[in-house]
Amino acid sequence: MPTMQDWTIPGALDQTIAGTTHLVEGEARGVVLVAHGFKGYKDYGFIPLLAARLASERLIVHRFNFSHSGMTHGHGPFDADLFRNDTWNRQVEDILAVQSALIDGTLVGSGRPQVLFGHSRGGVTAILAAGRWADDERMSLLRGVITAASPARACSLPDDQREAFLRDGFIDSPSARTGQTLRIDAGWLREQQADPEGHDLATQAGRVRVPVGIVHGLADRTVSPDDAVFLAEAVGERAIMRMIQDGDHVFNTPNPADAGAEPSRQRLEMEQVVVDLCARWIR
């Protein structure tokens, strides 16, 4: 049976990226990096189950927590101070740090072709990283990007809420899972205002040099399925869009997920799309 290994590496501002690697039996075909979404984490919901499925296809999987997600291993509470100071730039830096660890052999899979998968906001970060750094050595082995239930914009707040955000210096964002009242620092928005092109998802999606798979549930009430269409149009001819009938934002999978429970049809369909795309891009 494939085994798992936990690890840590330095990320943005020298904060810790905690990850879990799913190893494979026999010769690995490639590597998949899995990035979580907002208030998500590497052990959230379907993520470990997707990783196990990919490992069964002889793909090494590194699922990881962003350094400012406020999460370590497991399902514990958030570090509210870290969470408050998360930004897109720091998440992009974290993806590059994971790729660097692959290149230098710190993480298993050096020299293997790579696919970058992101759920929800993790998909936004994946596109920002692959677009901004398209010509960087760290992207040289990238063969594709997959977004799942991802927004089409780095910030969708209306103008009045943006003004209040900057005036107050933060926005509260409660966690139903932990009961914590988490805050997002206004630095998240100020970074975007300082570099609008770098945070324009349509622009960065158009700069991605590899195919982009876009998976979305048609019953997603958190991020509209229309965002998938917008992303596909921004990517252009390299886009491959797959819509999951009755799929919600987490593909109908609870958190934490029970690996022994009957899987949802929507999760299985999403997994199959990801497996098929990886097989197409990694030969």
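Everything numeric in this text was worked out from a predicted model, so none of it was measured. (Residues numbered from 1 in each chain as written. Predicted model: local features only at pLDDT ≥ 70, side-chain atom pairs only at ≥ 80, totals over all residues. Heavy atoms only, no water.)

> Which parts of the structure should I look at to understand the overall build of the protein?
A count of helical and extended segments in the protein gives 9 helices and 10 strands. On C-alpha atoms alone, the protein measures out to a radius of gyration of 17 Å, which is about the 19 Å that the 2.2 N^0.38 rule sets for 283 residues. C-alpha extents for the protein along the principal axes are approximately 55 × 40 × 40 Å. Considering the protein as a whole, with its 283 residues, one finds that 54% of them fall into the buried category. Long-range pairs, those at least 24 residues apart, make up 74% of the contacts in the protein with a sequence separation of at least 6. Looking at charge distribution, the protein has the averaged site of its 28 positive side-chain charges lying 3 Å from that of its 37 negative ones. (Helix = DSSP H or I, 4+ residues; strand = E, 2+ residues; numbered from the N terminus. Rg over C-alpha atoms; globule rule 2.2 N^0.38 Å. Buried < 20%, exposed > 50% of the residue type's maximum accessible area, 1.4 Å probe, protein only. Contact = heavy atoms within 4.5 Å. Lys, Arg positive; Asp, Glu negative; His and termini not counted. Charge placed at Lys NZ, Arg CZ, Asp CG, Glu CD.)

> What am I meant to see in the pairing of strand β6 (residues 142-148) here?
If a strand is regular, its side chains alternate between the two faces of the sheet. Counting buried positions along β6 yields 6 of 7 residues, so the element is predominantly enclosed. For strand β5 (residues 114-119) and β6, the ladder comprises 6 bridges, and the chain directions are parallel. The residue of β6 that forms the bridge with H119 is A148. Note that the unit made of β5, helix α4 (residues 121-132) and β6 has a crossover that is right-handed. With 4 bridges joining them, β6 and strand β9 (residues 212-217) adopt parallel strand pairing. Opposite T147, over in β9, you have I214 as the bridge partner. (Pairing = 2+ DSSP bridges. Right-handed = clockwise from strand over helix to strand, strands pointing away.)

> Would you mind showing me how to read the layout of surface pockets here?
Rolled over the atoms, a probe with the dimensions of a water molecule shows which regions are left empty. Estimates place the volume of the largest pocket at around 770 Å³. Sort the elements by how many residues they give to the lining of the largest pocket and strand β7 (residues 170-174) lands first, with 4 residues. When the residues that make up the lining of the largest pocket are grouped by side-chain class, the tally is 17 nonpolar, 10 polar and 6 charged. (1 Å grid on protein atoms, 1.4 Å probe; cavity = no way out; pocket = protein on both sides within 12 Å on 5 of 7 lines; lining within 4 Å. Points joined across faces, edges and corners; volume = space filled by probe spheres on them. Nonpolar A, V, L, I, M, F, W, Y, C, P; charged D, E, K, R; others polar.)

> In this structure, what is going on with the sheet that holds β5? I would like to understand it.
Two pairing modes exist for strands in a sheet, parallel and antiparallel, and in both the strands are linked by backbone hydrogen bonds. Taken in spatial order, the 8 strands line up as β1-β2-β4-β3-β5-β6-β9-β10 in an open sheet, and their pairing is mixed. Looking at the sheet topology across the chains shown, the edges are occupied by β1 (4-10) and β10 (239-244). The average undirected angle you get between the axes of adjacent strands in this sheet is 20 degrees. In this sheet, strand β2 (residues 16-22) lies alongside β1 in antiparallel orientation, the contact comprising 7 bridges. Paired with W7 across the two strands is G19, which belongs to β2. (Axes fitted to C-alpha atoms, helices over the stretch in contact; angles between N-to-C directions.)

> Looking at this model, I keep getting lost on helix α6 (residues 187-194). Mind explaining?
Three or four residues apart is the spacing at which side chains of an α-helix point the same way, because the helix has 3.6 residues per turn. Along α6, the residues that are buried comprise G187, W188, L189, E191 and Q192. Where α6 is buried, its residues contact α3 (88-103), α4, α5 (159-168) and β8 (181-185).

> Mind showing me how you'd approach the environment of V61 here?
Note that V61 resides in strand β4 (residues 59-64). Its relative accessible area of 0% is what places V61 among the buried residues. C-alpha separation for the pair V61 and V24, spaced 37 residues apart in sequence, amounts to 8.8 Å. Those residues in contact with V61 that lie beyond four places of it in its chain are T20, T21, H22, V32, V34, A51, L54 and A55.

> Can you walk me through the nonpolar core in this structure?
Across soluble globular proteins, nonpolar side chains have a tendency to be buried as a group. Core analysis: the largest hydrophobic core is formed by 54 residues, its most contacted members being F64, V98 and V145. Counting residues per element, this core draws most heavily on α3, which supplies 8 residues. Here V98 is in contact with W7, I9, I17, L33, F64 and L107, once residues within four sequence places are set aside. By size, the runner-up hydrophobic cluster in this structure holds 26 residues, among which are L59, V215, V273 and I282. (Core = buried A, V, L, I, M, F, W, Y, C linked by side-chain atoms within 4.5 Å.)

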